[in-house]
6 protein chains.
Amino acid sequence: MFESADKIETLIEAMPYIRKYQNKTVVIKYGGHAMVNEELKKKVAQDIAFLQFSGLRPVVVHGGGPEITDMLKKVGKKSEFVNGLRVTDGETVDIAQMVLVGRINTEVTATINMFGGKAIGLNGKDASLLRAEKVLSEVKENGVTKEVDIGFVGAVTAVNAHLLNSLLDNDYIPIIAPIGVGENGETFNINADTVAGEIAAALHAEKLIMLTDVKGIFEDYKNPDTFISTLTFDKAYEMMMKGTIDGGMIPKVQACIHALNHMTSKAHIIDGRTPHSILMEIFTDRGSGTMVAK
Amino acid sequence: MFESADKIETLIEAMPYIRKYQNKTVVIKYGGHAMVNEELKKKVAQDIAFLQFSGLRPVVVHGGGPEITDMLKKVGKKSEFVNGLRVTDGETVDIAQMVLVGRINTEVTATINMFGGKAIGLNGKDASLLRAEKVLSEVKENGVTKEVDIGFVGAVTAVNAHLLNSLLDNDYIPIIAPIGVGENGETFNINADTVAGEIAAALHAEKLIMLTDVKGIFEDYKNPDTFISTLTFDKAYEMMMKGTIDGGMIPKVQACIHALNHMTSKAHIIDGRTPHSILMEIFTDRGSGTMVAK
Amino acid sequence: MFESADKIETLIEAMPYIRKYQNKTVVIKYGGHAMVNEELKKKVAQDIAFLQFSGLRPVVVHGGGPEITDMLKKVGKKSEFVNGLRVTDGETVDIAQMVLVGRINTEVTATINMFGGKAIGLNGKDASLLRAEKVLSEVKENGVTKEVDIGFVGAVTAVNAHLLNSLLDNDYIPIIAPIGVGENGETFNINADTVAGEIAAALHAEKLIMLTDVKGIFEDYKNPDTFISTLTFDKAYEMMMKGTIDGGMIPKVQACIHALNHMTSKAHIIDGRTPHSILMEIFTDRGSGTMVAK
Amino acid sequence: MFESADKIETLIEAMPYIRKYQNKTVVIKYGGHAMVNEELKKKVAQDIAFLQFSGLRPVVVHGGGPEITDMLKKVGKKSEFVNGLRVTDGETVDIAQMVLVGRINTEVTATINMFGGKAIGLNGKDASLLRAEKVLSEVKENGVTKEVDIGFVGAVTAVNAHLLNSLLDNDYIPIIAPIGVGENGETFNINADTVAGEIAAALHAEKLIMLTDVKGIFEDYKNPDTFISTLTFDKAYEMMMKGTIDGGMIPKVQACIHALNHMTSKAHIIDGRTPHSILMEIFTDRGSGTMVAK
Amino acid sequence: MFESADKIETLIEAMPYIRKYQNKTVVIKYGGHAMVNEELKKKVAQDIAFLQFSGLRPVVVHGGGPEITDMLKKVGKKSEFVNGLRVTDGETVDIAQMVLVGRINTEVTATINMFGGKAIGLNGKDASLLRAEKVLSEVKENGVTKEVDIGFVGAVTAVNAHLLNSLLDNDYIPIIAPIGVGENGETFNINADTVAGEIAAALHAEKLIMLTDVKGIFEDYKNPDTFISTLTFDKAYEMMMKGTIDGGMIPKVQACIHALNHMTSKAHIIDGRTPHSILMEIFTDRGSGTMVAK
Amino acid sequence: MFESADKIETLIEAMPYIRKYQNKTVVIKYGGHAMVNEELKKKVAQDIAFLQFSGLRPVVVHGGGPEITDMLKKVGKKSEFVNGLRVTDGETVDIAQMVLVGRINTEVTATINMFGGKAIGLNGKDASLLRAEKVLSEVKENGVTKEVDIGFVGAVTAVNAHLLNSLLDNDYIPIIAPIGVGENGETFNINADTVAGEIAAALHAEKLIMLTDVKGIFEDYKNPDTFISTLTFDKAYEMMMKGTIDGGMIPKVQACIHALNHMTSKAHIIDGRTPHSILMEIFTDRGSGTMVAK
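Sequence positions are assigned chain by chain, starting from 1 and proceeding in written order. All chains are assigned letters beginning with A, and all ligands numbers beginning with 1, in the order in which they are written. Where local features are concerned, this predicted model is filtered to residues with pLDDT of at least 70; where side-chain atom pairs are given and counted, the filter is 80 or more; whole-chain, interface and lining totals use all residues. Here the side-chain values reflect all heavy atoms present in the structure, with hydrogen atoms and water set aside.

## Regarding the relation of the copies chain E and chain A
Copy one and copy two of the chain differ by a rotation about an axis and a translation along that axis.
Phase 1: The transformation that overlays chain E on chain A combines an axial shift of 0.0 Å with a rotation of 180°, and the residual RMSD is 0.1 Å. In the structure described here, the two chain copies are related by an operation that fits a two-fold rotation axis. By C-alpha distance to the rotation axis, the residue of chain E lying nearest is S54(E), at 2.8 Å.
Phase 2: We call two residues in contact when some of their heavy atoms are within 4.5 Å. Comparing contact sets, 100% of the residues at the interface of chain E also lie at the interface in chain A, consistent with an isologous, same-surface contact. What sets the superposition is a least-squares fit of C-alpha atoms, and only residues with pLDDT of at least 70 in both copies go into it.

Below you can see the structure in the form of structure tokens.
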């Protein structure tokens, strides 16, 4: 295999990058298309296993994808809506947890292990990894913003960094489902981007990488020439105000900002549809997507 | 609270038992009625947290209970049968895993943590904790025993004792769902009693406690006077041959025998319907159910 | 034994207290009636062994009781008095050391070990645990206060906290006789209450518990309604000035104040005549005697 | 001080011996004249502190000397005799313990610490260091040997080597009083030579050194030419049979034999009356007294 | 750089090999052309640094090359010959050591460090890493074999594996010059192949790789079709007898045999003239040169 | 040997000094006559080994002596001079390195090991122990000071204290040749006094001892009555200004000042011609040469 000098030269070229990140913590938000496509799934798993082999400390936070919706349908659960927002009642959060923890998390874990990694699946209830509390959602009704209770949707109040560090020190890769635990043991569904940001912050990670289904952030998504390779905080706030950054991109950008404010060195929003996008991000000097920076 | 001397005397009485088991590993197979009744669930969680506070090293293996069947029904999954045995096809094992890992395991973990324990949920895919391979079932057809493939039902081929010990050394309580991982990453459903026996064997546990829905083993279940407080191997084999021990009791007894053959000191089949049956077993000299012994 | 659910419930009730104090250091001044009565001796030993089993870090400082006086009598040693104070000459301090170290300390140590503890007897000469220097006593003569030399009575100048912590880290219970060592190797008798306060301060203990022969502190000892459950520093100084706190209670209160000034969290003066008074203090929310607080 | 080259050369000469014994355990039985003479006491303490500075692991077992007898006299205790043997009743063993632990042990400990050592006094009750049981003495009456109960005189049944090793690993010098603890907490007086042999055996010491008041062992004590520099086991048994080795020398020789049978490399009976006899023994090639050898 | 998927795929392909050798010790005999050619020098250094980054434990033993001869010439040292063998007198061995340790060893060390490795130069005198004794050479004179003293040429008598393991455990790469130290501190020149074999044996290395200036071993070096990919011990002995393996290849083959006899798993003779021959050997399934096997 | 009480008393006298310096780091600059005279070489090696046996942490930095000049002559290297300063061109620095590392360093290391020490030879290239950069020399030409490039003469820019501490923690004695490594792997010759000062500073050594060929510093070297036993910084600057301290003494004094400014407690300039001058310095209260002090 490695009898051609070219391939060896490629290994050698990787050396400075390995050296740079060895023993450093890298938090990866895993979601979108890369969690659905069978080929991409394998490549992501290979990337993460490779990071571990190279002596980095990867931590993975995954989202839910379309499987939660599928399961809700399957069990005939009708969703209630309040002001256009889906209500996460007790039954819904139970199903979300079941799918996130019992299906997606185990699959991600097992796939990484198939490629030789030493992954361990976790969720916020394990040693109270993610303590959470209810968040209210803001809706505008007749021009007035008011808060509505949409059920078991939570925000992180504390991260058990000790647990993650002790697993990382023993060469395990934590794979985290975004389920939080309330003060009285309640289950909370939490936005996975937000969880990734909180964990990067709590671990003072070297890098936070958010896999998305776009190439990065653009001034104008219709115009490829407006690609933003480095997004400053000021610019980010401005674009969120203006609505250029909106929808699912908002929690991603906010997670990056939160992490960067807590000793994480670098935060990147990259295109998860490209095979091996994680390694590509780490093994280049300039990075492939949009880097968020103070 | 503890102002009455009586209560303090009770603590003092517990001392010799705590002393005896401190730093010892106790594997608990958790299942049956104690997993269904709300009151019992809390008491089991308290018992396990208490063991940890007292310096023991508890490990919990839980079964599935009726929730898997409920979920199969809910999603409209019709079960196939081969010679009277339900076939665990790919969809069934996926649902079993989802319920075991994503619902039951998280609930047991969170309940113990509510009482101050430091529990972590695991399944066989975490760092390949339980490697497994397919088992064929034996059926008798026209007096001839033959093996039939009933799908993703597995037997344990290896236990990652290193992972469990490193968690126990860091004061975590492993809570294990009986899901195994095949050589190619397949999911296998494994009998929880069998898993408990394998884990007790792999950890050289001091004690294996099987929670059941009966008082223990009887020569004749209809005659309470025939209760067997110590069941020897010879007697056990004889009763299994004769069919006095049958059905779900067979894997329980076999798990005890397997564990005892691998350096586990004591194995007990106890009545999980009695509140605090676990502590009662540990804090007595003679034990409450049937002890299996060489 | 633990077949009644009541007893198990009692264990469960103890959990929050064990949790609260686990891995915390508790310094116990052991003296008075509880060192004389055979029944109480055993109960104190059980209490201390129980604390160790439950994962606390108990340290015991004991006093001398009437045994020193008995021995002085036995060997026919006549005591000299200066202004009403007994002079501790060389022979007297030798006998005090012999009784404290060779009789009382070994007995306390052995009794705790009988109940399964891992106690080690120490005195201030062991690895220079308690360095001391002479203290002069103040006497009033004709209305003038002057200092008199009453011999080998010492004050603590340094505590070898390193020794105590290394023993505690290895799960030993230090049992300390209040003998100090001078710069030139001289033996000093030190007030045991004072030693307990110094040790609690040096170890930044969680709790200091002083066993006495009274229920606690009263505004007026003749009136049980005047019991003080929390004694502030200001109140304590006022009462010492007025003489309401006097005699042997003064060093006890001062020891509590000293410890609280050095990171000890709680200090209690409790009734050692009540069986299991130590556990009762730890396993209640409000405490049984007088708590001293800033 | 060390400005003369001679003195430096002396240090240099000591190097091969330090090298040879560094990190090795040396058990010293301290007794006889060297425990009575003030000058010798200091020199023994200096020797032991020097061994510690040089990186050896010294352990000291001391005897009681005449002080126990003095104290018995002082408190007016009359000794009973059975067939010529003094009976160690409860009161006697209490006084023996008090003097051994409370007077001699603390003094030896404090003196070594005065010279910069880090000594810790211990007795058999500390963490049950020396478990013991009653021994009966043999007396000959009318030519018939029979066993008589002479009270609390014990033999070692177990040594807590773990405690000693953990103290030695932390650079402490254990100073051990020959008091044992019975199964029910009883106090036993044990022959100090025997204790030294048991401890050397339990620690697999490199060397056992017995300080005596004679130059070593002679064929005929009246004839200095009959000095035995190496005593074989065979010769030792023969001489004990013949009575040439008798009285207090018997337990010393037996202790050496016991230690040598349990992995101790060398055992020496030396003259404690010579100043610095311990260092002289260690810093010579041939040794100064009688070496016992298989 | 790593923006092409090809390069990333190459990294991924390397994973199974990294996994296989991670935490394993690999001893590399570095010599021949690869020590002379500037390009090859760098590539060898890169290979060794890469092994360290990937979590392997490389150990390098280097030879002397032509530089010793150059230096001898430069200082005008005339070599004596005895029966055709060059005599290594005191001055010669001094110059050999000076060049090996002071020139070649420092250069190899510094070059690896330039590529990010953490190499430390060693020779047999460092903590007596290689103890040695004189070897006599055999010469045939008039058909009679006799031994002649050709000076300070040595054989290894002991390897300080403890030193090497403690450096490897701290992530240092030992770079070893083949100089041994005699009992009286004499300097011995030792064949570097032999040293590599001894070190692989002492460390129970996973792999021994000998860099040579040939493609491997051939039945007949003139006929490329006779290349031997696996050389059994029997075959090796036969070929050495027959003289097909001769000259400098003899110590190489013997070093492999010696290492394989002492728990080293694999030994390879490879072509150091190929760039990155070390990585090529490790990152293939079949190996590139001649493997020696039992 | 140690049968005379005198010798033992000498060991005992050494105790307070051993106690004072145990576990402390002592940096020794080894150079001058003591590196040339065969007798002195051995005594220095004995001194250093003795320090290690006594539990100190010695670190040795050695200079080059006349051997570099000898070797330059031998290989016929003619030195160039610029303004009276010898130019260290590439060939010269290579030879300097070869002699320092390959001859002197190995000899010092081996000699200490002959006396039982555990020395390891190092130079600035080992794990980049001494990073260096070129220094220009100042020359005065026609009354104008200008900087000239005299080749590979370097100044220390960073010391790898981690490497030295990890060797010292494992009881090895680092022996350091004053060779530095540049950013691009260049070899730099560095003044050994300067290196000793930098290393003492980096290790926060307890003591820095500079071996010289004079008794210490004098106001007037011709008048022995003007010996300065304590040299203040102010006095040192004044004397360097005036030229009373000049030539090779300047870097020695500067090294002392540098070390004292970085937490080194004591710095001494002593007479290396006196046998055992190192031990004499350490085993006296007042010191033998000139002490430099703030």
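Next comes the rest of the write-up.
## Describing the pairing of strand 18 (residues 290-293) of chain F
Residues and elements named next belong to chain F.
Phase 1: The criterion for strand pairing is that DSSP finds at least two bridges linking the strands in question. Under the scheme used here, helices are H or I runs from DSSP no shorter than 4 residues and strands are E runs no shorter than 2 residues, and both carry numbers assigned from the N terminus. Across three bridges, the pairing between strand 16 (residues 230-232) and strand 18 is parallel. The residue of strand 18 that forms the bridge with T232 is A293.
Phase 2: Note: strand 17 (residues 266-271) against strand 18, three bridges, orientation antiparallel. Note on strand 18: the bridge partner recorded for H268 is M291.

## Quick notes on the sheet that holds strand 2 (residues 57-62) of chain E
Residue and element names in this part refer to chain E.
Phase 1: Taken in spatial order, the eight strands make up an open sheet running 5-10-2-1-13-17-18-16, and their pairing is mixed. Because the sheet does not close on itself, it has two edges, and the strands there are strand 5 (119-123) and strand 16 (230-232). With direction set aside, neighbouring strand axes in the sheet form an average angle of 20°.
Phase 2: Two strands pair when backbone bridges link them, and strand 5 and strand 10 (residues 173-177) are joined in this way by five bridges, in the parallel orientation. Looking at the pairing, L122 lines up with I176 of strand 10.
Phase 3: Helix 8 (residues 249-260) rests against strand 1 (25-30), strand 13 (207-212), strand 16, strand 17 (266-271) and strand 18 (290-293) of the sheet, and its axis sits at about 175° to strand 13. Fitting a line to C-alpha atoms yields each axis, with helices limited to the stretch in contact; the angle taken between N-to-C directions then spans 0 to 180 degrees.

## Examining the confidence of the model for chain A
Phase 1: What pLDDT expresses is the predictor's confidence in each residue, scored from 0 to 100. Of all residues in chain A, 99% have pLDDT values of 70 or greater, and the mean over the chain is 93.
Phase 2: If you check the scores for this complex, the pTM reads 0.92 and the ipTM reads 0.94.

## Quick word on the arrangement of the chains
Phase 1: With respect to C-alpha atoms, chain D approaches chain E no nearer than 15 Å, and the pair has no contact.
Phase 2: What separates chain A from chain F at the closest point of their C-alpha atoms is a distance of 15 Å, and the two make no contact.

## Quick notes on the interface of chain E and chain A
Phase 1: Opposite the 34 residues of chain E that make contact, chain A presents 34 residues.
Phase 2: Together chain E and chain A conceal approximately 3300 Å² of surface at their shared face, both sides included; 69% is due to carbon and sulfur atoms.
Phase 3: Each salt bridge in this description consists of a side-chain nitrogen of Lys or Arg and a carboxyl oxygen of Asp or Glu lying within 4 Å of one another. The interface formed by chain E and chain A contains four salt bridges.
Phase 4: The term polar contact refers here to a pair of N or O atoms within 3.5 Å; inside protein, the definition further demands a hydrogen-donor-capable atom paired with an acceptor-capable atom, and it admits residues adjacent in sequence only when both atoms are side-chain atoms. Inspection of the region where chain E meets chain A yields eight residue pairs in polar contact (both at pLDDT 80 or more).
Phase 5: It is helix 1 (residues 5-21) of chain E that provides the largest number of residues to the side of chain E that touches chain A, a total of 13 residues. By definition, the buried area sums, over both parts, the 1.4 Å-probe accessible area that each loses when the two are put together.

## Details of the sheet that holds strand 17 (residues 266-271) of chain D
Residues and elements named next belong to chain D.
Phase 1: Spatially, the eight strands line up as an open sheet ordered 5-10-2-1-13-17-18-16, and their pairing is mixed. Two strands in the sheet have a free side with no partner beyond their single neighbour: strand 5 (119-123) and strand 16 (230-232). Across the sheet, the mean angle from the axis of one strand to that of its neighbour is 20°, orientation sign disregarded.
Phase 2: Helix-sheet contacts for helix 5 (residues 161-169) involve strand 1 (25-30), strand 2 (57-62), strand 5 and strand 10 (173-177), and the interaxial angle to strand 2 is about 130°.

## Section: the relation of the copies chain B and chain C
Phase 1: Least-squares fitting of chain B to chain C yields an RMSD of 0.1 Å, with the transformation described by 0.0 Å of translation along the axis and a rotation of 179°.
Phase 2: A high fraction, 100%, of the interface residues of chain B reappear at the interface in chain C, so the copies pair face to face through one surface.

## What about the packing of helix 2 (residues 38-53) of chain A against helix 4 (residues 90-114) of chain A?
Residues and elements named next belong to chain A.
Phase 1: Between helix 2 and helix 4, the shortest axis-to-axis distance is 8 Å and the interhelical angle comes to 60°. Once helix 2 is placed against helix 4, the crossing between them reads as right-handed. Residue-level contacts link K41, A45, I48 and A49 of helix 2 to E107, T111 and I112 of helix 4.
Phase 2: Side-chain classes follow a simple rule in which Ala, Val, Leu, Ile, Met, Phe, Trp, Tyr, Cys and Pro form the nonpolar group, Asp, Glu, Lys and Arg form the charged group, and the remainder, Gly included, forms the polar group. Grouping the constituent residues of the contact of helix 2 with helix 4 by class yields four nonpolar, one polar and two charged. Crossings are assigned a handedness: left-handed for a near helix turned anticlockwise from the far helix by less than a right angle, right-handed for a clockwise turn.

## Examining the side chain of Q52(B)
All names here are of chain B.
Phase 1: With respect to the element layout, Q52 can be found in helix 2 (residues 38-53).
Phase 2: Engagement of the side chain of Q52 in a polar contact is seen with the backbone oxygen of D171, the distance being 2.4 Å.
Phase 3: Those residues in contact with Q52 that sit more than four places away from it in its chain are P58, G117, K118, D171, Y172 and I173.

## Details of the packing of aromatic side chains
Phase 1: Aromatic rings from Phe, Tyr and Trp, with only the six-membered ring used for Trp, were paired whenever their centres fell within 6.5 Å, and each pair was classed as stacked if the ring planes differed by under 30 degrees, edge-to-face if by over 60, and tilted otherwise. One pass over the full model with this rule turns up 30 aromatic pairs over all chains.
Phase 2: With centroids separated by 5.3 Å and ring planes inclined at 55°, the aromatic side chains of F218(A) and Y221(A) adopt a geometry described as tilted.
Phase 3: Relative to F188(F), the ring of F152(F) lies with its centre 6.0 Å away and its plane at 50°, an arrangement referred to as tilted. Here F152(F), found in the loop between strand 8 (144-148) and strand 9 (154-159), pairs with F188(F), found in strand 12 (residues 187-189); they are 36 residues apart in sequence, far enough to count as distant.
Phase 4: Only protein chains enter the accessibility calculation, which uses a 1.4 Å probe; a residue whose area is less than 20% of its type maximum is buried, one above 50% is exposed, and one in between is partly exposed. For F188(F), a relative accessible area of 3% translates into the label buried.
Phase 5: Ring-pair connections join several aromatic residues into one group, and the members of that group are Y17(A), F50(A) and F283(A).
Phase 6: Here the guanidinium or amino end of K118(A) rests over the ring plane of Y172(A), the centre of that ring lying 4.4 Å away.
Phase 7: Note on criteria: charge over ring means Lys NZ or Arg CZ within 6 Å of the ring centre, with the direction from the centre no more than 35 degrees off the ring normal. The aromatic ring of F152(C) is capped on one face by K134(C), whose charged end is 5.6 Å from the ring centroid.

## Some points on the interface of chain B and chain C
Phase 1: Facing the 34 residues of chain B at the interface are 34 residues of chain C.
Phase 2: Taking both partners together, chain B and chain C bury about 3300 Å²; carbon and sulfur atoms supply 69% of that area.
Phase 3: There are four salt bridges connecting chain B and chain C.
Phase 4: The partner of K43(C) in a salt bridge is E9(B), with the nearest N and O atoms 3.3 Å apart.
Phase 5: At the boundary of chain B and chain C, one finds eight residue pairs in polar contact (both at pLDDT 80 or more).
Phase 6: Secondary-structure elements contributing two or more residues to the side of chain B that touches chain C are helix 1 (5-21), helix 2 and helix 9 (277-282) of chain B.
Phase 7: Element by element, the count of residues in the side of chain B that touches chain C is highest for helix 1 of chain B, at 13 residues.
Phase 8: Of the residues belonging to the side of chain B that touches chain C, the class tally is 17 nonpolar, eight polar and nine charged.

## Comments concerning the pairing of strand 10 of chain D
Regular strands place their side chains on alternate faces of the sheet.
Residues and elements named next belong to chain D.
Phase 1: Counting buried residues in strand 10 gives five out of five residues, a clear majority hidden from the surface.
Phase 2: Going residue by residue along strand 10, you find I173, I175 and A177 tucked away on one face and P174 and I176 tucked away on the opposite face as well.
Phase 3: Pairing of strand 2 with strand 10, which is carried by two bridges, proceeds in the parallel orientation. Following the sheet pairing, V60 is matched in strand 10 by I175.

## Points about the environment of V99(E)
Phase 1: For V99(E), the location among the structural elements is in helix 4 (residues 90-114).
Phase 2: Look at V99(E) and you get buried, because its relative accessible area is 0%.
Phase 3: For V99(E) and A177(E), which are 78 residues apart along the polypeptide, the C-alpha to C-alpha distance reads 9.8 Å.
Phase 4: Aside from chain neighbours lying at most four places away, what touches V99(E) is E67(E), I68(E), M71(E), I104(E) and M98(F).

## Points about unusual backbone geometry
Phase 1: At H204(B), a position not held by glycine, the phi torsion is positive, near 50°.
Phase 2: If you trace the backbone, H204(B) turns up in the loop between helix 6 (192-203) and strand 13 (207-212).
Phase 3: A relative accessible area of 44% means that H204(B) is categorised as partly exposed.
Phase 4: The phi angle at S128(D) is positive, at roughly 50°, despite the residue not being glycine.
Phase 5: By secondary structure assignment, the location of S128(D) is in the loop between strand 5 and strand 6 (130-134).

## A look at the pattern of salt bridges
Phase 1: Evaluation of the coordinates by the stated rule reveals 98 salt bridges over all chains.
Phase 2: With its nearest N and O atoms 3.9 Å apart, the salt bridge here joins K43(B) to E39(B). Note that K43(B) and E39(B) are positioned in helix 2 at a spacing of four residues, about one turn of the helix.
Phase 3: For K43(B), a relative accessible area of 18% puts it in the buried group.
Phase 4: Between K242(C) and E238(C) there is a salt bridge whose closest N-O contact spans 3.6 Å. In this pair, K242(C) and E238(C) both sit in helix 7 (residues 233-242), four residues apart, roughly one turn of the helix.
Phase 5: By relative accessible area, K242(C) is classed as exposed at 57%.
Phase 6: Relative accessible area serves as the criterion here: at 37%, E238(C) is assigned to the partly exposed category.
Phase 7: Within this structure, E219(A), K235(A), E238(A) and K242(A) form a network of salt bridges that share partners.

## Re helix 8 (residues 249-260) of chain D
Residues and elements named next belong to chain D.
Phase 1: For helix 8, with 12 residues, the first-to-last C-alpha span of 17 Å sits near the 16 Å given by 1.5 Å per residue.
Phase 2: Burial of helix 8 is extensive: nine of the 12 residues sit out of reach of the surface.
Phase 3: Among the residues of helix 8, M249, P251, K252, V253, A255, C256, I257, A259 and L260 are the ones counted as buried. A helix's residues, less one, multiplied by 1.5 Å, set its expected span.

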